[in-house]
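# A structural walkthrough
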Amino acid sequence: MFQLILSGLALGCIYSLVALGYHITFMTSRTLNFAQGSAMMLGAVAALILVVDFGWPTPLAMAAAILLLGIFGLLLERLAVRPFVLRGSVAWVMSTLAVGIILENVVLLVFGKSPRGLPNALALDPVTVLGAGIYPLELLIPVVVLLVAVGARLFYGSTMLGRALRATAFDREASLAVGIDVNRMVGLSYALSSMLAAVGGVLIGPLIGVSSHMGFLIGLKAFAVAIVGGLEHPVGILVAALAYGVLENLIGGYFGSSAKEIFGFTLVILVLFVRPTGLFGRTTLRRV
Amino acid sequence: MQSFLRSWGWVLAAIAAVAVAWVLPSAIGRYYTQMLALAGIYAIVAQGLNLLAGYTGQASLGHAGFYAIGAYTGALLATKLGLGFWSALPFSILVAAAAGVLIALPSFKLDGPYLAMVTIAFGIIVNSILIEWSELTGGTQGVLNIPRPTFAGVRLTLENQFLLIVAAVAVTTLFLRNLMRSPWGRAFVAVRENPIAAQAVGLSTRGVKTMAFTISAALAGAGGHIFAFFQGFISPEAFEFEASIFFLTTVIFGGAGTLAGALVGAPIMTFLPELLQRFVDFRLIIYGALIVASLYALPLGIVGTVFRRATYLPDTPSQPEGLGAAPVAVNRPAANPASSAAPGAGDTIVALEGVHMSFGGVRALNGISFAVERGSIHALIGPNGAGKTVLLNVLTGYYRPTEGQVRFDGKLITGLPSHRVARLGVARTFQTAQLFGSLTVLQNVLAGFSGQTDGRFIDSAFITPRLRREEAARRAAAIELLDFVGFKGDPGALANSLPFGHQRLVEIARALAMEPALIAMDEPAAGLNPKEVQDLDELITRISARGSAVLLVEHHMDLVMGISNRITVLDHGEKLAEGTPAEIQGNPKVIEAYLGAEDLDEAPAA
């Protein structure tokens, strides 16, 4: 039980990283990257290639993979999101989904079907914490999320770039008026979003194995927690993600893995039925 | 000739398609017949999704769920209970439709990503249940040995199944075409184009969305049912998230909100992977790339691009000659009894009693009470931020007052949703005209007639003579109303192409179509030139003479002082004064708070 809760927390942390990625792009541009799960997968794959094929030390490979995904985010926004947003179309939903399909199949082609291990010294021998066997990496994950959260706060609060991003999220027109390059901010938000997903990927890779389809379900569940927490509420997302990870692990542990999807997603629908803008979303009054 | 084609074109096309399907299999061989049959099944599902995503604007990323429910219901009824293709079909459709109602429940108040999430979750839940509940569904193995469809006791050959599927596509398409030409079609598009305006003409956005979800799910269920019997076996793999994306892509690629879109999209999307068969490994990569490329190149889908129109709502069928030449009363009798009473009878049509409205800590209205007399012109004035629009929103059911009561025709209507208030006979125009942009001027006015969808679903599906007569009467009445408000443009023009002043007039005509006992107008003169204000002045007087009371929020003092029977002045959410124009002009509190000495000089003495 305790073990299920601990590893559920670690899983929830991964959801929160990917889910905060949805939040970031939604705030600046009202768009979402439906290839977030694939971005996470790509981060893990990049780290794996750098470690295994290039022999880079793990921390360096992880950092490089995360940076690479930042570039990926910029490209994605430029090529698969912006052209449609400029037209006022919602085709970015389909285009980002399609990019996800392409990525997964490219990796499948290069990598084959079976998952590969991403070597990590912290995921070799389990340690015992209060009677629960757990990998040190699983304990490290919440620490990383905490650091990311603190980092994000500092970035948004005290740097010009962070403030410009927040301004864009708050009011696009006004930001344009005070000379903020809104397009650049949206691009940046996509870069940050993909980087967060990559952080999730390099952290979970050693635990679940790296494969082309590793990101699909995680990306979907991260979307679910982002919605349940409220797309505009980072703290809500964090809480929802941790709760989802723990709950899911418990249900999965006792009732099997298909049951946990059924319970999880039913819960999502029920929450939205009661709170249409998420648990922490304010019910905004329609302007008439 | 052209009107003949407009009425019968799709019917002829459907007959032609079935005729071609009769002879085609021998020409193209078994393999391609099979592929085309599959494409036909996908087209049925895609048509259903088109109604939901294209016409009604509710994108579903979980349609594979409904498709699966239809397939499994049919397959299980056949293998476990021995039902045949035809006897099981109604059940498959009903169960899928019921799931549609269920999903519509949480979806009606959701938008964008939140709606997408519910549909995604639904699809995944269904798929997981198929795997998990293996005693019933056969788990990952699925259901095997589903009997082939029969007709009159004879097992159908592949060629005959193909014929059956093409006929089903034809029926589905004709059904959708009829629906989109009926009042229901206008309701679907109205909800997509402008939910607020839809509520204002008495359409329940919830009801309309539920209807769209239900029909859409039913069609997906029918498609799944046919798929199961056609394949002979089914497994959860065919109903994963990818299948939902496939259906949505088919609709968008073909042309969302066009009748032919799904028909064009489905075969292409079915054959495309086959064409790529020799690049087995690259297949899905190319597939993804093609989706992105087509989104770039064909933003409106194939059909939309060819016809240069994103969504196209066909006009209502013209009245057949010699049929129902006498105009049918549209909704005058008993529809809105409140309006039939003699105007100026001196009694109250709407009354606010101690209405408070606060948002968070901000008090927008503070104990407002006043009454509007039947058939009168009652103006509501006050400085910006006085709470005039909030008051209109409370009155018309868009906001629920924090405290106090609203009465209409003696009945309490406090907290009633806006579409119900509208149906009672309260029409509304907005500060910026709220029209259904991609509907024509005439269709906008037609959308105003109340109760036109009630009990008319079957009539809509078949465009019965009764519906034709009603539509003809509504058309005549709508044209008369456009004339009444002084609209001189083209009634066939799209509403979003109209100049500003014309939009106002169309909105007023649409409001009048509701035969309202009260019409609440929010700054109708804003942005009009002096000539137009003059016309408006006269129009409002004529509206009142017609029997509708007018509640007028307006800053234009010439207009207000000239035509109002009574004036209520609001300031900071409080009622400052009420009286005749002369009394208001002489009221020192009003002069101080709002009019100011200068303004008063300009206003004509009443």
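Residues numbered from 1 in each chain as written. Chains lettered and ligands numbered in written order. Predicted model: local features only at pLDDT ≥ 70, side-chain atom pairs only at ≥ 80, totals over all residues.

### A closer look at the overall build of chain A
Of the regular secondary structure elements, chain A holds eleven helices and two strands. Written out in order from the N terminus, the α and β elements of chain A read α-α-α-α-β-β-α-α-α-α-α-α-α. Along the three orthogonal principal directions, the C-alpha set of chain A runs to about 55 × 45 × 35 Å. Expressed as a percentage of its 288 residues, the buried residues of chain A come to 50%. The long-range fraction of contacts in chain A, counting pairs at least 24 apart against all pairs at least 6 apart in sequence, stands at 75%. (Helix = DSSP H or I, 4+ residues; strand = E, 2+ residues; numbered from the N terminus. Buried ≥ 20, exposed ≤ 12 C-beta atoms within 10 Å, placed from the backbone. Contact = placed C-beta atoms within 7 Å.)

### Observations concerning the overall build of chain B
A tally of helices and strands in chain B yields 24 helices and twelve strands. Across the 606 residues of chain B, 54% fall into the buried class. Contacts spanning at least 24 positions in sequence make up 76% of the contacts within chain B whose residues lie at least 6 apart.

### What about helix H3 (residues 58-86) of chain A?
Helix length check: H3(A) (29 residues) gives 40 Å between terminal C-alpha atoms against 42 Å at 1.5 Å per residue, within 8%. Looking at H3(A), one finds that the buried residues are Ala61(A), Met62(A), Ala65(A), Ile66(A), Leu69(A), Phe72(A), Gly73(A), Leu76(A), Glu77(A), Ala80(A), Val81(A) and Phe84(A). Among the structural elements, helix H2 (36-53), helix H4 (92-111) and helix H8 (182-208) of chain A together with helix H12 (283-297) of chain B are those in contact with the buried residues of H3(A). Positive backbone phi, approximately 75 degrees, marks Gly88(A), located one or two places after H3(A). (Expected span 1.5 Å × (residues − 1).)

### Overview of the interface of chain B and chain A
Listed by partner, the interface residues are 35 residues for chain B and 36 residues for chain A. Elements with a minimum of two residues in the side of chain B that touches chain A: helix H3 (85-107), helix H4 (112-132), helix H10 (241-254) and H12 of chain B. Counted by class, the side of chain B that touches chain A contains 28 nonpolar, four polar and three charged residues. (Nonpolar A, V, L, I, M, F, W, Y, C, P; charged D, E, K, R; others polar.)

### Examining the environment of Val406(B)
Residues and elements named next belong to chain B. Relative to the assigned elements, Val-406 resides in strand E6 (residues 403-408). According to the C-beta neighbour criterion, Val-406 is buried, with 24 such atoms within 10 Å. Ignoring any residue separated from it by four or fewer positions in sequence, one finds Val-406 in contact with Leu-352, Val-355, Val-394, Leu-395, Pro-401, Ile-413 and Thr-414.

### Brief notes about the nonpolar core
With 287 residues, the main nonpolar core has Ala47(A), Val225(A), Met117(B), Ala121(B) and Ala509(B) as its most contacted residues. Beyond its immediate chain neighbours, meaning those up to four positions away, Ala509(B) contacts Val445(B), Leu481(B), Leu482(B), Val485(B) and Phe487(B). (Core = buried A, V, L, I, M, F, W, Y, C linked by C-beta atoms within 7 Å.)

### Thoughts on the confidence of the model for chain B
Residues and elements named next belong to chain B. Residues at a pLDDT of 70 or more form 90% of chain B, whose mean pLDDT is 85. Within chain B, helix H14 (residues 337-340) has the poorest average pLDDT of any element, 45, and helix H2 (residues 63-81) the best, 95. Below a pLDDT of 50 lies the segment residues 318-345, which in the model reaches 48 contacts outside its immediate sequence neighbourhood of four places, other chains included. Between residues 597-606, whose pLDDT stays under 50, and residues either more than four places distant or in other chains, the model counts 18 contacts. Across the assembled chains, the prediction reports ipTM 0.84 with pTM 0.86. (pLDDT = per-residue confidence, 0-100.)

### Thoughts on the pairing of strand E3 (residues 348-359) of chain B
Two faces, one strand: in a regular strand the side chains alternate between the faces of the sheet. Residue and element names in this part refer to chain B. Sheet analysis places E3 next to strand E4 (residues 362-373), joined by eight bridges and oriented antiparallel. For Val-355, the partnering residue across the bridge sits in E4 and is Ile-368. Note that E3 and E6 share five bridges and pair antiparallel. Residue pairing in the sheet places Val-350 in a bridge with Phe-408 of E6. (Pairing = 2+ DSSP bridges.)

### Details of the sheet that holds strand E8 (residues 426-429) of chain B
Residues and elements named next belong to chain B. A sheet is described by the order of its strands in space; here six strands give the open sequence E8-E9-E10-E5-E11-E12, paired in mixed fashion. One side of each edge strand has no neighbouring strand; the edge strands of this open sheet are E8 and strand E12 (574-579). Geometrically, the sheet is characterised by an average inter-axis angle of 15 degrees between neighbouring strands, direction not taken into account. The pairing of strand E11 (residues 566-571) with E12 spans five bridges and is antiparallel. Considered in E12, the bridge of Asp-571 is made with Glu-574. Strand contacts of helix H20 (residues 500-513): E8 and strand E9 (518-522), with the helix running at about 175 degrees to E8, the strand carrying the most contacts. Across the sheet, helix H21 (residues 530-546) touches strand E5 (377-381), E9 and strand E10 (549-553), and the angle it forms with E10 is around 145 degrees. (Axes fitted to C-alpha atoms, helices over the stretch in contact; angles between N-to-C directions.)

### So, unusual backbone geometry
All names here are of chain B. The residue Asn-145 is not glycine, and still its phi comes out positive at about 55 degrees. Along the chain, the position of Asn-145 falls in the loop between helix H5 (134-137) and strand E1 (150-151). With 9 C-beta atoms packed within 10 Å, Asn-145 lands in the exposed category. Despite not being glycine, Asp-409 shows a phi value in the positive range, around 50 degrees. With respect to the secondary-structure elements, Asp-409 resides in the loop between E6 and strand E7 (411-412). Given 21 C-beta atoms within 10 Å, Asp-409 falls into the buried group.

### Some points on the pairing of E8(B)
Residues and elements named next belong to chain B. Of the two faces of E8, both are covered, the one formed by Val-426 and Arg-428 as well as the one formed by Ala-427 and Thr-429. By the bridge criterion, four bridges tie E8 to E9 in an arrangement that is parallel. When the bridges of E9 are listed, Arg-428 appears paired with Ala-520.

### Structural notes on the sheet that holds E7(B)
All names here are of chain B. The sheet built from four strands is open, its strands ordered E4-E3-E6-E7 with antiparallel pairing. Whereas interior strands pair on both sides, the edge strands pair on one side only; in this sheet they are E4 and E7. Bridge analysis of E6 against E7 gives two bridges, and the strand direction is antiparallel. By the bridge assignment for E7, Phe-408 is matched with Lys-411.

### Let's talk about the domain arrangement of chain B
Looking at the assigned domains, one finds that chain B contains domain 1 (2-238), domain 2 (347-425 + 517-606) and domain 3 (441-515). Each partner contributes residues to the interface: domain 1 of chain B has six residues there, and domain 2 of chain B has four residues. (Domains from an automatic or database assignment.)

### Side note on helix H9 (residues 214-229) of chain A
Residues and elements named next belong to chain A. The terminal C-alpha atoms of H9 lie 23 Å apart, and with 16 residues this matches the ideal 22 Å at 1.5 Å per residue to within 8%. For H9, the buried fraction is high: 14 of the 16 residues fall into the buried class. Residue Gly-230 follows H9 closely and has a positive phi angle near 105 degrees.

### Notes on the environment of Met214(A)
Residues and elements named next belong to chain A. Mapped onto the secondary structure, Met-214 falls in helix H9. Accessibility expressed as a C-beta count within 10 Å gives 23 for Met-214, which makes it buried. Along the primary structure Met-214 and Arg-82 are separated by 132 residues, whereas in three dimensions their C-alpha atoms are 27 Å apart.

### Let's talk about the packing of H3(B) against helix H9 (residues 205-231) of chain B
In a packed pair of helices, the relevant descriptors are the angle between the two axes and the axis-to-axis distance. All names here are of chain B. The N-to-C vectors of H3 and H9 enclose an angle of 145 degrees; their axes lie 7 Å apart at closest approach. Between H3 and H9 lies a crossing of right-handed hand. Along the lines of polarity and charge, the residues of the contact of H3 with H9 split into 17 nonpolar, nine polar and one charged. (Left-handed = near helix turned anticlockwise from the far one by under 90°.)

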